[in-house]
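The lines below spell out each chain.
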Amino acid sequence: MAQYIVKRIALAIITLFVVSTFTFFLMFLVPGGPFLSEKAPSPATLKALEEKYGLNLPVTQQYKNYMLRLLKGDLGTSLKQRGREVNNIIATRFPVSAKIGAVAILIAVTVGVTLGSIAALNRGKLLDSIIIFFSTCGIAVPGFVVCTVLMYILGLKLNLLPTFGLTSGRHYIMPVIALAFYPMSYISRLMRSCMLDVLNQDYMRTAKAKGLSQWKALFKHALRNAILPVVTYLGPLLAYTLTGSFIVEKIFTIPGLGDSFISSITGRDYPLIMGTTIFLAFLIITMNVIVDIIYKLVDPRIKLS
Amino acid sequence: MKNMPLKIDINSDKSLPLTFHLNPEDFLPAEEEEKQELVVMRESVSFWSDGLRRFRKNKLAMASLFVVIFMLIFAFIIPMFYPYNYYQQIRGSEALAPFEYSEKELAAKEAGEKIFPHVLGTDTLGRDIMARVMMGSRISILVGIVASSIILIIGSVYGAISGYFGGWVDTIMMRVVDMIYTVPDILIIILLSVTLKYPLQNLATKAGFAWINRVGVGLISIFIVFSMLYWVGMARIVRGQVLALKELEYVSAAKALGASHKRIIRKHLLTNCIGTLIVTTTLQIPASIFTESFLSFLGLGVSAPMPSLGSLAATAIDGIYSYPYRLFAPAVTISIIILAFNLLGDGLRDAFDPKLKN
Amino acid sequence: MSEYLVDIRNLRLSFFTPAGEVKALNDVSIQMKQGEVLGIVGESGSGKSVTAYSLMGLVPEPGRIISGTIDFNGHRVTEMTEKQLREMRGNEISIIFQDPMTSLNPVYTIGNQIEEVILLHTTKDRKAARERALELLNLVGINEPHKRLRQYPHELSGGMRQRVMIAIALACEPKLLIADEPTTALDVTIQAQILELMNDLRKKIGMSIIMITHDLGVVASMCEKIAVMYAGKIVEYGTAEEIFYNPQHEYTKGLLMSIPKLNATEHEKLIPIEGTPVDMLMPPQGCPFAPRCNSCMKICLREMPPYTDINADHYSACWLLQKEAYESLKGGVAQ
């Protein structure tokens, strides 16, 4: 187990290293380095800027400096928001996204697991078909469609909910639904098929032969086994929620990290793009490691190997 | 006895009901042919016809197949006969509602000319929205198919090599896969789309690379990204299959007969996971379309004036209050395309993936 | 109150699959006294497991009992409520399955899974249940029982797991133990150990056992009565002695000839039964074994043979027996 954790963390560190190296060299593809903007700076200013940020040094030296700064957790300075550090921007923006994301993940997992189990237990019946229908549609509808439909119906037509900003609890409803919609559908499908698989296992027959009631067999013997694959989905779920927030925050004008990331792309604020990418990559990769380790912990079969 | 066996009472002269219909011929040995007639063997069916039969029985899968065919016609064939194209800006016909005619067109109609209606109206630049939605669908489907083919080729070859050779080759190759698996793909895609733009634009000015501009820098970076990141899932699946297949006798036989590695992989291993390959590729198509629409919505996909369903939706969102149909047309289209491909893939999996056969 | 512990009469059971109705059990009757050991022998798909499962009220989907009755210990199983069935399962009738590798839940400890059934059917508290579990592990011959209780199924070998399954089955001292191919998935040496264990336990506890198997060797070593099943029908029933030394049905004879004998004086040839089992979706009109039978007669292809009594404890369904009877009858008439 300890060996596994060490291995897993080592792989994560290598991945992070590769991602940041990759990011660094990608930035070289942008002409003029990270200081290109619409109004081309005069050669003198450019030179001054390059000197200030060490861009006149040889590539290897620059790479070394960049990696050293990264190690210290310094993600550089924004181009568009003069003098503001990327760290600072992330620190103010990320908590907003994290709040919405956390609620969405919670809803997606609980509702998804419940719906999936209900569908599996009612296999072939009407309820099953209804759940399959909605979850199949749910994974086929892109996030921006969900957002805009919600906004149009609940916000504009029925005027029930506010369509932008994040100032009250009611502001959370639509973004959270929009964000939870896809993973919820995905989890219910996953849960349904895992549950069906588990229900056909021999140990479920044993449970019945012991004289356990349907519900007891279900809660004790089926659920714990069927939920394991859902745990493995938590990593991708987090990644989805974070990137999904780009669209949700753009459409509902929420001042989160996603919104700032998208404006940094349209505004070609390269240090901010790079910084946010590395931050999110770090977050996702770390979470993946944690989820993998949790998985090994809840599944006793893997404990010894 | 306990269960009252039907027994002939040999002491009774009157024949029992049971023996009544019996006569000595009944106890003659049966002919071999007679016996064989009784053995009703269900005809053995090949992998393909068995799968096809199951697929045809699956109503949902058949329906989705028809929807996919319809969407292909909608995206590739109808535009050829459609009187408007996606970039043509019709003067005076800006921002028309569905089936609305501009004054100029009304006048022409009065004069007896046949004017094809703008089924979904026109946008603020006077472009027919229906034509743009059809073109957008074409782009989306193309992206899905091309990206999936790239993924299919890279993933299956990589997975087959890794699984076939095993040992340290496998270990190293799978570590790479593990690593790419944990990389947040959307972030890398965004990063690449942003940064690849310049070198690709530079390349496009060189002779022989003009096609880059025609396809669009955004699209090409999408393809590059897909071929860099998205094949890992396919590689894992193929590797798993190959690991199981290579243990089978016929592979050992092929080896013993001196077949080359390349031949064994191509001829014996990959052809035998063809069901899995087809299913995975079909399911990859909607996933690729999904990602493309996401990027286009963020303004990173195709470049104007080329429309994609994602970019059409993105431009329509500002006018959502006045022109909701401009948003809903591409939104519904993309949802239908993804749904149909998903269901088709599910149906194919149920029909052809031997693992789920029972 | 019936004199039998198990009394199955004229049981018909079908599986209603999308491809059509599969007649899994065709007029099956079994009677068994308290303390008896019955072996049910047959190929896979012959209906032997389904018979046993229906006795516990555990007919797998999409199966349904068409007609017939099942009595256990004087109670009509076919009319029990789900709650009554639950109280019976694991308590009065328990079962061990073929594959011990998959019959235990991988995510719970051995102790948990044994105690579960004790807590369910007795008034024992956790501590007492744990003690009983230890006792059971000792009983089924598992070493270091304290340690095993805290282990997970994957940490145990196949033979060990089957012992655990037996411990679970015996936890509430059932009147009847059904063993559904308990040794098929195990190595030969382990098979012998498990059979020996079951024989020992039977002597100690005195329960009845239904032993389901396709292995005549297994029944020979354990069973007093044997029912031979083919295509959902009991084709021959008798004491072990009668079945082994005086088999009447051609299928039984075939089975006996296809097993190797250790004490064979010369190089006897093993004779396999040719052909494949019938397609239960389209069963033939006559005797289901007819297409594979070497002595097949015209009538066999046309009509299902009736049961013929050989003696008080032995009957079989074969037209050959009827032929003998018929000939002696005709002969008698002719004289």
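Treat the numbers as computed from the prediction; the structure is a model and nothing was measured.

### Examining the overall build of chain B
Here's step 1: In terms of regular secondary structure, chain B is built from 16 helices and 0 strands.
Here's step 2: When the 358 residues of chain B are sorted by exposure, 50% land in the buried category.
Here's step 3: Per element, the accessible surface of chain B, about 18000 Å² overall, is 63% carbon and sulfur.

### Points about the overall build of chain A
Here's step 1: What chain A contains, in helices and strands, is 12 helices and 0 strands.
Here's step 2: Secondary structure elements of chain A occur, N-terminal to C-terminal, as α-α-α-α-α-α-α-α-α-α-α-α.
Here's step 3: Projecting the C-alpha coordinates of chain A onto the three principal axes gives extents of approximately 85 × 55 × 30 Å.
Here's step 4: Counting over 305 residues, chain A shows a buried share of 50%.
Here's step 5: Within chain A, contacts between residues separated by at least 24 positions form 72% of all contacts whose residues are at least 6 apart in sequence.

### Some details on the sheet that holds strand β11 (residues 307–311) of chain C
Residue and element names in this part refer to chain C.
Here's step 1: Strand order across the open sheet formed by 8 strands is β6-β7-β8-β3-β9-β10-β12-β11, with mixed pairing between neighbours. Two strands in the sheet have a free side with no partner beyond their single neighbour: β6 (93–96) and β11. Taken over all neighbouring pairs, the strand axes of this sheet differ in orientation by 20° on average, direction set aside.
Here's step 2: By the bridge criterion, 6 bridges tie strand β9 (residues 225–230) to strand β10 (residues 233–239) in an arrangement that is antiparallel.

### Things to note about the sheet that holds strand β4 (residues 63–72) of chain C
Residues and elements named next belong to chain C.
Here's step 1: Read from one edge to the other, the open sheet built from 4 strands follows the order β2-β1-β4-β5, with strand pairing classed as antiparallel. Among the strands making up the open sheet, the edge pair consists of β2 (20–32) and β5 (75–76).
Here's step 2: Here strand β1 (residues 6–17) runs beside β4; their pairing, made up of 8 bridges, is antiparallel. Paired with aspartate 7 across the strands is aspartate 71, a residue of β4.
Here's step 3: Sheet strands in contact with helix α1 (residues 48–55) are β1, β2 and β4, and its direction is about 110° off that of β1.

### What about the packing of helix α6 (residues 143–157) of chain A against helix α7 (residues 169–199) of chain A?
Packed helix pairs are characterised by how far apart their axes lie and by the angle those axes make with each other.
Residue and element names in this part refer to chain A.
Here's step 1: Running from amino to carboxyl end, α6 crosses α7 at an angle of 145°, the nearest separation of the two axes being 9 Å. Here α6 and α7 pass one another in a crossing that is right-handed. Together, Val146, Cys147, Leu150, Met151, Leu154 and Gly155 of α6 and Met174, Ile177, Ala178 and Phe181 of α7 make up the contact between the two elements.
Here's step 2: Along the lines of polarity and charge, the residues of the contact of α6 with α7 split into 9 nonpolar, 1 polar and no charged.

### Remarks on a positive patch on the surface
Residue and element names in this part refer to chain B.
Here's step 1: Taken together, the side chains of Lys262, Arg263, Arg266 and Lys267 present a region of like positive charge at the surface.
Here's step 2: In this fold, arginine 266 is placed in helix α13 (residues 261–270).
Here's step 3: Taking the relative accessible area as the measure of exposure, arginine 266 reaches 52% and is therefore exposed.

### Here we look at the pairing of β6(C)
Side-chain direction in a regular strand flips from residue to residue, so the side chains alternate between the two faces of the sheet.
All names here are of chain C.
Here's step 1: Side chains Ile93 and Ile95 project from β6 onto one buried face, and the interleaved Ser94 and Ile96 project onto a second face that is buried too.
Here's step 2: Relative to strand β7 (residues 176–180), β6 runs parallel, the two being bridged by 4 bridges. Bridge pairing in β7 links isoleucine 95 to isoleucine 178.

### Re the pattern of salt bridges
Here's step 1: Under the defined criterion, the tally for this structure stands at 27 salt bridges over all chains.
Here's step 2: Asp346(B) serves as the salt-bridge partner of Arg349(B), at 3.5 Å between the closest nitrogen and oxygen. Here Arg349(B) pairs with Asp346(B), and both are found in helix α16 (residues 324–352), just 3 residues apart, close to one helical turn.
Here's step 3: Exposure remark for Arg349(B): the relative accessible area of 27% places this residue in the partly exposed category.
Here's step 4: For Asp346(B), a relative accessible area of 13% gives the class buried.
Here's step 5: Notably, a salt bridge pairs Glu115(C) with Arg130(C), separated by 2.8 Å at the nearest N-O pair. Separated by 15 residues along the polypeptide, Glu115(C) in helix α4 (residues 110–121) and Arg130(C) in helix α5 (residues 126–139) bring together distant segments of the chain.
Here's step 6: Given a relative accessible area of 6%, Glu115(C) falls into the buried group.
Here's step 7: Through salt bridges with shared partners, a single ionic network connects Arg189(A), Asp346(B), Arg349(B) and Asp350(B).

### Describing unusual backbone geometry
Residue and element names in this part refer to chain C.
Here's step 1: Unlike most non-glycine residues, aspartate 27 shows phi in positive territory, near 65°.
Here's step 2: Positive phi, close to 45°, is recorded for glutamate 144, a residue that is not glycine.
Here's step 3: Mapped onto the elements, glutamate 144 comes out in the loop between α5 and α6 (145–149).

### What to know about the nonpolar core
Here's step 1: Among the nonpolar cores identified, the biggest contains 180 residues, and Phe246(A) and Ile190(B) are the most heavily contacted of them.
Here's step 2: Per element, the largest residue contribution to this core is 15 residues, and it comes from α7(A).
Here's step 3: Excluding anything up to four places from it in sequence, Phe246(A) contacts Gly258(A), Phe261(A), Ile262(A), Leu280(A), Ile186(B), Leu187(B), Ile190(B), Phe294(B) and Leu298(B).
Here's step 4: Among the nonpolar cores identified, the runner-up in size contains 109 residues, and Ile243(C), Leu255(C), Val278(C) and Trp319(C) belong to it.

### Things to note about helix α3 (residues 47–57) of chain B
Note that an α-helix has 3.6 residues per turn; residues three or four places apart therefore point the same way.
All names here are of chain B.
Here's step 1: When we look at burial in α3, the residues that qualify are Asp50, Gly51 and Phe55. The arc that holds the buried residues of α3, viewed along the axis, is 135°, so those residues lie on one side. α3 presents Arg56 and Lys57 as exposed residues on the side facing more than 90 degrees away from its buried surface.
Here's step 2: In this structure, the buried residues of α3 make contact with α4 (59–81) and α16.

### Some details on the packing of aromatic side chains
Here's step 1: Applying the stated criterion across every chain yields a total of 25 aromatic pairs over all chains.
Here's step 2: Considering the side-chain rings of Phe144(A) and Phe297(B), the 4.5 Å spacing of their centres and the 5° angle between planes classify their relative orientation as stacked. Here the residue Phe144(A) occupies a position in helix α6, and Phe297(B) occupies one in helix α14 (residues 274–297), the pair thus bridging two chains. Each member of the pair Phe144(A) and Phe297(B) is classed as buried.
Here's step 3: Among the aromatic residues, ring-to-ring pairing joins Tyr182(A), Tyr186(A), Tyr233(A), Tyr240(A) and Phe290(B) into one connected group.
Here's step 4: Geometry around Tyr108(C) places Lys220(A) over its ring, the cationic atom sitting 5.1 Å from the centre.
Here's step 5: The side chain of Lys233(C) reaches across the aromatic face of Tyr307(C), ending 5.0 Å from its centre.

### Topic: the confidence of the model for chain A
Here's step 1: Across chain A, pLDDT averages 83, with 93% of residues at or above 70.
Here's step 2: Model confidence for chain A, summarised as mean pLDDT per element, is weakest for helix α2 (residues 43–52) of chain A at 72 and strongest for helix α4 (residues 86–121) of chain A at 92.

The rules behind the values
- Each chain carries its own residue numbering, running from 1 in the direction its sequence is written.
- Note on labels: chains are lettered from A, ligands numbered from 1, in written order.
- Whole-chain, interface and lining totals are the exception, using all residues; otherwise, since this is a predicted model, local features are given only for residues with pLDDT of at least 70 and side-chain atom pairs are given and counted only at 80 or more.
- Only heavy atoms go into the side-chain values, all of them from the structure, while hydrogens and water stay out.
- Strands are runs of DSSP state E lasting at least 2 residues, helices are runs of H or I lasting at least 4, and numbering of each runs from the N terminus.
- When accessible area is computed with a 1.4 Å probe and restricted to protein chains, residues below 20% of their type maximum are described as buried, those above 50% as exposed, and intermediate ones as partly exposed.
- Accessible areas in this description were obtained via Shrake-Rupley with a 1.4 Å probe; residue shielding takes into account the shown protein chains only.
- Only heavy atoms matter for contacts: two residues are in contact if any of them lie within 4.5 Å across the pair.
- By the convention used here, strands pair only if DSSP detects at least 2 bridges between them.
- Orientation is described by axes fitted as lines to C-alpha atoms, over the contacting stretch for helices, and by angles from 0 to 180 degrees between their N-to-C directions.
- Put simply, a crossing is left-handed when the front helix is turned counterclockwise from the back one by less than a right angle, and right-handed when it is turned clockwise.
- Under the grouping applied here, Gly and all other residues not named as nonpolar or charged are polar, the nonpolar ones being Ala, Val, Leu, Ile, Met, Phe, Trp, Tyr, Cys and Pro and the charged ones Asp, Glu, Lys and Arg.
- A patch consists of residues whose relative accessible area exceeds 30% and which take part in no salt bridge; residues with like charges are grouped when within 9 Å of each other, and nonpolar side chains (Val, Leu, Ile, Met, Phe, Trp, Tyr) when within 5 Å.
- Only one rule defines a salt bridge in this text: a Lys or Arg side-chain nitrogen within 4 Å of an Asp or Glu carboxyl oxygen.
- This count recognises Lys and Arg as positive and Asp and Glu as negative, with His and chain-terminal groups excluded.
- Here the site of a charge means atom NZ of a Lys, CZ of an Arg, CG of an Asp or CD of a Glu.
- Put simply, buried Ala, Val, Leu, Ile, Met, Phe, Trp, Tyr and Cys residues joined by side-chain atoms within 4.5 Å make one nonpolar core.
- Within this analysis, the arc is defined by the directions that extend from the helix axis to the C-beta atoms.
- Centre distance within 6.5 Å is the pairing criterion for rings of Phe, Tyr and Trp, where only the six-membered ring of Trp is used; planes under 30 degrees apart are then read as stacked, over 60 as edge-to-face, and the remainder as tilted.
- Cation placement over rings: the criterion is NZ of Lys or CZ of Arg within 6 Å of the ring centroid and within 35° of the ring normal.
- The pLDDT value expresses, per residue, how confident the predictor is, ranging between 0 and 100.

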